[in-house]
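Report on the structure
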Amino acid sequence: MVAPDLGPQNLAIEVKDLVKTYPGSIAAVRGVSFSIPRGSVYGLLGPNGAGKTTTFGMITTRVIPTSGTVLINGINVVAKPAQAKSFLGVVPQSNTLDRSPSVRENLTFHGRYFGMTSKEARTKADQLLVQFRLQERAAAPVGALSGGMAQRLMVARAVMHSPTILVLDEPTTGLDPQSRLALWEILRELNAAGQTILLSTHYMDEADELCEKIAIMDHGQVLALDTPAALKRSYAKQARISLDLQGADPGLAEMLAEALPGTTIGFVGSQLTISTDDPTDLLPMLVKELVAMDIGYRNLSVRQGSLESVFLALTGRDLRE
Amino acid sequence: MSLATATRSHYTQTIWSLVVRDIRVLVSRWVMFLVRVISQPILIVFVLAYVFPKIGQGIGGNAAAEAKFSTLLVAGVVGISIITQGIQAVALPLVQEFSFTREIEDRVLAPVPIWGVATAKIISGALQALIAALVVFIVSIFIPATTVHLSVNWPLVLTIIPIAAVLSGALGLAIGTIVPPTQVAFIFAIILLPMTFLGAVYYPWTSLGTIPWLKWAVLINPLIYINEGLRAALTTGIPHMNLYGVYGGLIGFFLLLVFIGIRGFKNRVIS
Ligand SMILES: Nc1ncnc2c1ncn2[C@@H]1O[C@H](COP(=O)(O)OP(=O)(O)O)[C@@H](O)[C@H]1O
Ligand SMILES: [Mg+2]
């Protein structure tokens, strides 16, 4: 395997020791660092008040950091906000669509702000309207859009000028499950086409589903940053192996428990479940035992611990409270 | 082309696109725009310069004085319409866009410094003020019962009206960034009404000599300089503030309001 090139030229965004203290000594962000290579999808996962929006505000030039730096394409956002903004596509937490112009004009105007010619803007807008399944509403006022469509239009607007990085603040909060899936699909397509994405969410499944790496945030700090699998390995140790053992002897559970120390084993019907800290080492041992005992198995699956338990382990709290 | 030049032309294009957005919105609602532009001046001119003379309550007493009043009123209503546009075209939409609709956010993220976004607002307010000035000018000549005697001094017209227009845009920006959304009624009660009633609309500023404290107090009203300047530009034989005062007041208030407006805009969109 070739080691990934993590040189700065390959980073879409680099956030270093970011701190924001609002007037009144409200420490919203307390020393956040991360960097995102081009083409990746990163997520900030944290409860309300964790500091996600403030972090995004600093990245998108709307909030001036108390200290620390943000580089986008190597450009410091505080020193050169106008240039930094040209690299950013932003989907804010609330609906900020322009109410007066039509759906299509929301896209074309945005393209014009970013230096596209009228023709380029119209062509790109029409292409995005199709891609985001909004073409039937092209001439409608944005007030007539459903929540899901409005959100899709916000994403379309944000990618209109082909930004280096697309930043989405809780893009699916308040959406119905179908619109949520539709938006996930769009984000996956964008990423497949090379779009770097940074999103925030307080949904575990969303972070798990979409993000290559997740920064778990609470009280203005990043508590852990890794791939969902690695986070679960480190913080939600118990993985569950389950397999179907048609026609096996019920006494098998005890025999396996002796052969595989440090595990909890359940056997219900033909379904065997083994909870373990370390599925990587355990799996070959398990298979070897089964082969030695000449027992056939089907539907073997390994489920790592959930992000819920990761969050619980890191903060001592449930994310959903 | 140097990098600095490229950046400048790119700023210009972005700012101009922001202005075009406002103008397109305006054009799509041109009927509402016209109604809002002409309703107040028509009423003023109609009541004071048409109804009053017809019912024998003409201001001034005799026909010559009535004609003179109609003539001085032209400058006054054009001035009112310019300053009102700044508030209607910039301040009121801004108050809304800052607060519950948050529509301004996409434009704030346009690739220009924040002052560029604020400047676009001033420019689109100024353009609307110019259109309003033209429409109202025509209206105020044709409605009065007596003939209006204008003598146009073009160099004055072509400098005072544009400065008045950008001043109006800057006033709208300053007000729009200061007033919280719950206090919009306050704009009318303590800004627009006093400004228009005490803005030398119905009488030349110089005639306030008999009430000296008022004559000096009203100088904090930028509309005074607009109306006095317009009177100098459009009429002869009606006294007006000297032109140094007019230009000094216009430019001074313009700079002050640009400063307050851009600073206020930054404070509203950056934390
Ligand atoms: N403009 C502001 N002024 C003062 N405090 C703020 C401001 N914005 C956010 N906060 C506070 O900062 C903390 C983090 O908020 P935020 O960044 O919005 O978190 P999240 O997006 O994760 O919910 C909260 O305690 C919030 O009340
Ligand atoms: Mg938030």
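For the structure itself, look to the data block above.
The structure presented is a predicted model; accordingly, all values stated were derived computationally and were not measured.

**Side note on the overall build of chain A**
- Secondary structure summary: chain A contains eleven helices and 14 strands in total.
- Structurally, chain A occupies a C-alpha span of about 75 × 45 × 40 Å along its principal axes.
- Within chain A, contacts between residues separated by at least 24 positions form 69% of all contacts whose residues are at least 6 apart in sequence.
- A total accessible area of about 14500 Å² is found for chain A, and carbon and sulfur atoms account for 52% of it.

**Examining unusual backbone geometry**
Residue and element names in this part refer to chain A.
- Of note in this structure, S25 is not a glycine but carries a positive phi near 55°.
- Within the secondary structure, S25 sits in the loop between β1 (11-22) and β2 (26-37).
- Even without being a glycine, H219 presents a positive backbone phi close to 45°.
- Looking at where H219 falls in the secondary structure, it is placed in the loop between β9 (213-218) and β10 (221-226).

**Describing the interface of chain B and chain A**
- On the side of chain A, 29 residues touch chain B, which itself brings 26 residues to the contact.
- Among the residues of chain B in contact with chain A, D106, L109 and S271 of chain B are the three that bury the most area, contributing 27% of the side total.
- On inspection of chain B and its partner chain A, the count reaches five salt bridges.
- Note that R62 of chain A is salt-bridged to E105 of chain B, the shortest N-O span being 3.6 Å.
- Joining chain B to chain A, the criterion identifies 13 residue pairs in polar contact (both at pLDDT 80 or more).
- Mapped by element, the contributors of at least two residues to the side of chain B that touches chain A are α1 (3-28) and α4 (104-108) of chain B.

**Some thoughts on the coordination of the magnesium ion (ligand 2)**
Residues and elements named next belong to chain A.
- On the protein side, the magnesium ion (ligand 2) has T53 (OG1) and Q93 (OE1) as donor atoms, found 2.0 to 2.5 Å from it. Placement of T53 in helix α1 (residues 52-59) and of Q93 in the loop between β6 (88-91) and α3 (103-113) is noted, with a sequence separation of 40 residues between them.
- Relative accessible area serves as the criterion here: at 39%, T53 is assigned to the partly exposed category.
- On the basis of relative accessible area, Q93 is assigned to the partly exposed category, the value being 40%.

Rules of the game
Residues numbered from 1 in each chain as written. Chains lettered and ligands numbered in written order. Predicted model: local features only at pLDDT ≥ 70, side-chain atom pairs only at ≥ 80, totals over all residues. Heavy atoms only, no water. Helix = DSSP H or I, 4+ residues; strand = E, 2+ residues; numbered from the N terminus. Contact = heavy atoms within 4.5 Å. Areas by Shrake-Rupley, 256 points an atom, 1.4 Å probe, with all protein chains shown as cover. Buried area = accessible area lost by both parts, 1.4 Å probe. Salt bridge = Lys/Arg side-chain N within 4 Å of Asp/Glu carboxyl O. Polar contact = N/O pair within 3.5 Å; in protein donor to acceptor, adjacent residues only side chain to side chain. Donors = N, O, S within 2.8 Å, 3.2 Å for Na, K, Ca; no water. Buried < 20%, exposed > 50% of the residue type's maximum accessible area, 1.4 Å probe, protein only.

Everything listed here is a matter of coordinates, which is why it stays silent on function.
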